[in-house]
Amino acid sequence: MLFCLNDFLRSVANTIDVVETDIFGVPTNHSKRIAYISSKIAVELGLPIQDVFDLISFAILHDNGASLKVLHDSLRGDSKERLSLIENMQEHCIIGEENIKHYPFLNTHHNIIKYHHERYDGSGFFNIAGDDIPVMSQIINFADTLDLNYDLRNVKKSSSFEERIVDFIEQQRNKFFSTQIVDAFFNVIEEDNFWDKLSNQVIEAALKEDTPSFSKDLTYEQIHNVTKTFSKIIDAKSQFTQAHSAGLADKVERMAAFYDINHEDKMKLLIAADLHDLGKLAVKNDILDKPGNLTREEFEEIKAHPSVTRSCLQEIKGFQDIAEWAGNHHEKLDGTGYPRGLSSNQLDFHSRLLACLDIYQALREERPYRKEMSHIEAMTILRRMANENLIDAEIVKDIDNIFREER
Ligand SMILES: [Fe+2]
Ligand SMILES: [Fe+2]
Ligand SMILES: [Fe+2]
Ligand SMILES: [Fe+2]
């Protein structure tokens, strides 16, 4: 399938944005700003166009390792403080590098995310110095350091604020940053409206206009490798869902074999399983991990997650079925589900299958308010739901047949 990397990246950028919103309370557009600044410097340095494209992808993904809940648990303070605390943890570089291993970059690169906090003088996390640091990592580090130290959304050209930033960069020449990158950036800021493009209102459009477009012919297996990565980022969000999407994909695979579902639909279902809870990245952990009853407002927030999933996925060409099935995973046959309240004649077999398996998978996992259930306990609940015409009774029987052996 011809897979448009830009579509996918845009949807990823939006996802990373919602993670930021959850962690910091406001969308900071941090990743998009880093991507924009990095692409400008790369062009100035004369990097080949495919590398510029890859660099934009790396920049958008540079803090993907920060969605991990363990990294946030100990954090207190306001958004800016929390952002710099996470940036000060080496783990987010290692996890981030590992996570994007299967991303379909145009060229091959090594350790770009791992070394995105290395400084030119060797005083970064891994003490790599000078041009031993990949140039893409150096560029990301430059942009990241600026964005963490200054509020780049509000710089006006020829203002004292711009002067202070320029002074800081000058002081860090051959310390944090290489001379080459410093000089390239000084050329970049001569461009008209450079600083204006970094504002929250303009950054998205600026990035779109300045991003070269690339599609790549990928098999569904290759796409699934990429979406598996994102399922890990989604699952890592809460301690209770560490294996939720992966477990669901496993069960989808077993059921697809049982029903002899054709290859293309099976792969689409697996991708839908990987990404079905994408929208949960936007839900606060305080709500996801709450041990007691949820308030109405909190439940409303949780109920929005399949809509977020759908709207992210439907932007990707070729993902229409995937967006549909993933977006329907909390719908019920009698119309009482969410977010759309669809009813049985609007829910196809694949949507029903994913919905049943999602419930089964969730019941077999621990939750803040209960222990994990055995197969028999989970089946009691599934059967009751089938009797109430909430989920498909035939599929429930088949789940029982296939997973009965498991305790
Ligand atoms: Fe970082
Ligand atoms: Fe960052
Ligand atoms: Fe869900
Ligand atoms: Fe789920």
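Quantities reported herein were computed from a predicted structural model and do not represent experimental measurements.

Once that is clear, we can look at the overall build of the protein. A tally of regular secondary structure across the protein gives 20 helices and 2 strands. On C-alpha atoms alone, the protein measures out to a radius of gyration of 23 Å, which is about the 22 Å that the 2.2 N^0.38 rule sets for 407 residues. Overall size of the protein, expressed as C-alpha extent along the three principal axes, is 70 × 45 × 35 Å. Evaluated residue by residue, the protein yields a buried proportion of 57% over its 407 residues. For the protein, long-range pairs separated by at least 24 residues make up 68% of all intrachain contacts whose partners lie at least 6 apart in sequence. Summing over all exposed atoms, the protein offers an accessible surface of approximately 17,800 Å²; the carbon and sulfur share of this is 48%.

What follows is about the domain arrangement of the protein. Under the domain assignment used here, the protein contains domain 1 (2–216) and domain 2 (219–403). Here the C-alpha centre of domain 2 lies 33 Å away from the C-alpha centre of domain 1. Contacts between the two partners involve 19 residues from domain 1, matched on the other side by 22 residues from domain 2. Across the interface of domain 1 and domain 2, roughly 1,900 Å² is buried in total on both sides, 67% from carbon and sulfur atoms. For the pair domain 1 and domain 2, the number of links is 0 salt bridges. Connecting domain 1 to domain 2 are 1 residue pair in polar contact (both at pLDDT 80 or more). The leading source of residues in the side of domain 1 that touches domain 2 is helix α1 (residues 5–24), at 8 residues. Across the side of domain 1 that touches domain 2, the residue classes tally to 10 nonpolar, 6 polar and 3 charged.

Quick look at the coordination of the iron ion (ligand 4) now. Surrounding the iron ion (ligand 4) are the protein donor atoms His244 (NE2), His276 (NE2), Asp277 (OD) and Asp358 (OD), at 2.2 to 2.3 Å. Between the 4 donor atoms coordinating the iron ion (ligand 4), the angles at the centre fall across 81 to 169°, so the site counts as irregular. Between the iron ion (ligand 4) and the iron ion (ligand 3), a separation of 3.5 Å is found, and both are coordinated by Asp277. Classification of His276 by relative accessible area gives buried; the value is 0%.

So, about the nonpolar core. Counting 107 residues, the largest nonpolar core has Ile169, Phe185 and Ile399 as its most contacted members. Top contributing element to this core by residue count: helix α3 (residues 49–61), with 8 residues. Mapped onto the domain boundaries, this core takes at least three residues apiece from domain 1 (2–216) and domain 2 (219–403). Excluding residues that lie within four positions of it along the chain, Ile169 makes contacts with Phe142, Leu146, Phe177, Val182, Phe185 and Phe186. Core analysis: the second largest hydrophobic core is formed by 5 residues, Val283, Leu288, Ile302 and Tyr338 among them.

Once that is clear, we can look at the packing of helix α13 (residues 263–275) against helix α18 (residues 349–363). Between α13 and α18, whose axes approach to 11 Å, the crossing angle comes to 40°. As judged from the angle between their axes, α13 and α18 are oblique. Crossing of α13 over α18 shows right-handed handedness. Contacts between α13 and α18 involve Asp265, Leu269, Ala272 and Ala273 from the former and His350, Leu353 and Leu354 from the latter. For the contact of α13 with α18, the residue count by class is 5 nonpolar, 1 polar and 1 charged.

On to the side chain of Thr241. Relative to the helices and strands, Thr241 is located in the loop between α11 (220–235) and α12 (244–259). Dropping the residues within four chain positions of it, Thr241 is found in contact with Ile234, Asp235, Glu365 and Arg367.

You can see Asp7 is positioned in helix α1. Put simply, Asp7 and Ile316 are 309 residues apart on the chain and 5.2 Å apart in space, counted from C-alpha to C-alpha. Apart from the residues lying within four places of it in its own chain, the contact partners of Asp7 are Glu315, Ile316 and Lys317.

What follows concerns the packing of aromatic side chains. A complete count under the given rule lists 19 aromatic pairs for this structure. Aromatic pair Phe258 and Tyr259: ring centres 5.0 Å apart, planes at 70°, arrangement edge-to-face. Judged by its relative accessible area of 43%, Phe258 is partly exposed. For Tyr259, a relative accessible area of 22% corresponds to the partly exposed category. Arranged with centres 5.0 Å apart and planes meeting at 85°, the rings of Tyr259 and Phe349 form a pair that is edge-to-face.

This part is about the pattern of salt bridges. Following the criterion strictly, the structure yields 20 salt bridges and no others. The residue Glu264 makes a salt bridge to Lys268 at a minimum N-O spacing of 3.2 Å. Of this pair, Glu264 and Lys268 both sit in helix α13, 4 residues apart, which is roughly one turn of that helix. Taking the shortest distance from any N to any O, the salt bridge between Glu300 and Lys303 comes out at 3.7 Å.

Looking now at helix α19 (residues 375–387). When the terminal C-alpha atoms of α19 are compared, their 18 Å separation across 13 residues agrees well with the 18 Å that a helix rising 1.5 Å per residue should span. Residues of α19 that are buried: His375, Ala378, Met379, Leu382, Met385 and Ala386. Mapping the buried residues of α19 onto a view down its axis gives an arc of 125°, with all of them on the same face. Summarising the geometry of α19, the exposed residues directed more than 90 degrees from the buried face are Ile376 and Asn387. Considering only its buried residues, α19 is in contact with α18 and α20 (393–403). Note on α19: the residue one or two positions beyond its end, Asn389, has a positive phi of about 60°.

Cut-offs used in this document
- Residues numbered from 1 in each chain as written.
- Chains lettered and ligands numbered in written order.
- Predicted model: local features only at pLDDT ≥ 70, side-chain atom pairs only at ≥ 80, totals over all residues.
- Heavy atoms only, no water.
- Helix = DSSP H or I, 4+ residues; strand = E, 2+ residues; numbered from the N terminus.
- Rg over C-alpha atoms; globule rule 2.2 N^0.38 Å.
- Buried < 20%, exposed > 50% of the residue type's maximum accessible area, 1.4 Å probe, protein only.
- Contact = heavy atoms within 4.5 Å.
- Areas by Shrake-Rupley, 256 points an atom, 1.4 Å probe, with all protein chains shown as cover.
- Domains from an automatic or database assignment.
- Buried area = accessible area lost by both parts, 1.4 Å probe.
- Salt bridge = Lys/Arg side-chain N within 4 Å of Asp/Glu carboxyl O.
- Polar contact = N/O pair within 3.5 Å; in protein donor to acceptor, adjacent residues only side chain to side chain.
- Nonpolar A, V, L, I, M, F, W, Y, C, P; charged D, E, K, R; others polar.
- Donors = N, O, S within 2.8 Å, 3.2 Å for Na, K, Ca; no water.
- Tetrahedral: all angles 85-135°; square planar, octahedral: opposite > 155°, others 65-115°.
- Core = buried A, V, L, I, M, F, W, Y, C linked by side-chain atoms within 4.5 Å.
- Axes fitted to C-alpha atoms, helices over the stretch in contact; angles between N-to-C directions.
- Parallel < 35°, antiparallel > 145°, perpendicular 65-115°, else oblique.
- Left-handed = near helix turned anticlockwise from the far one by under 90°.
- Phe/Tyr/Trp six-rings, centres within 6.5 Å; stacked < 30°, edge-to-face > 60°.
- Expected span 1.5 Å × (residues − 1).
- Arc of directions from axis to C-beta.

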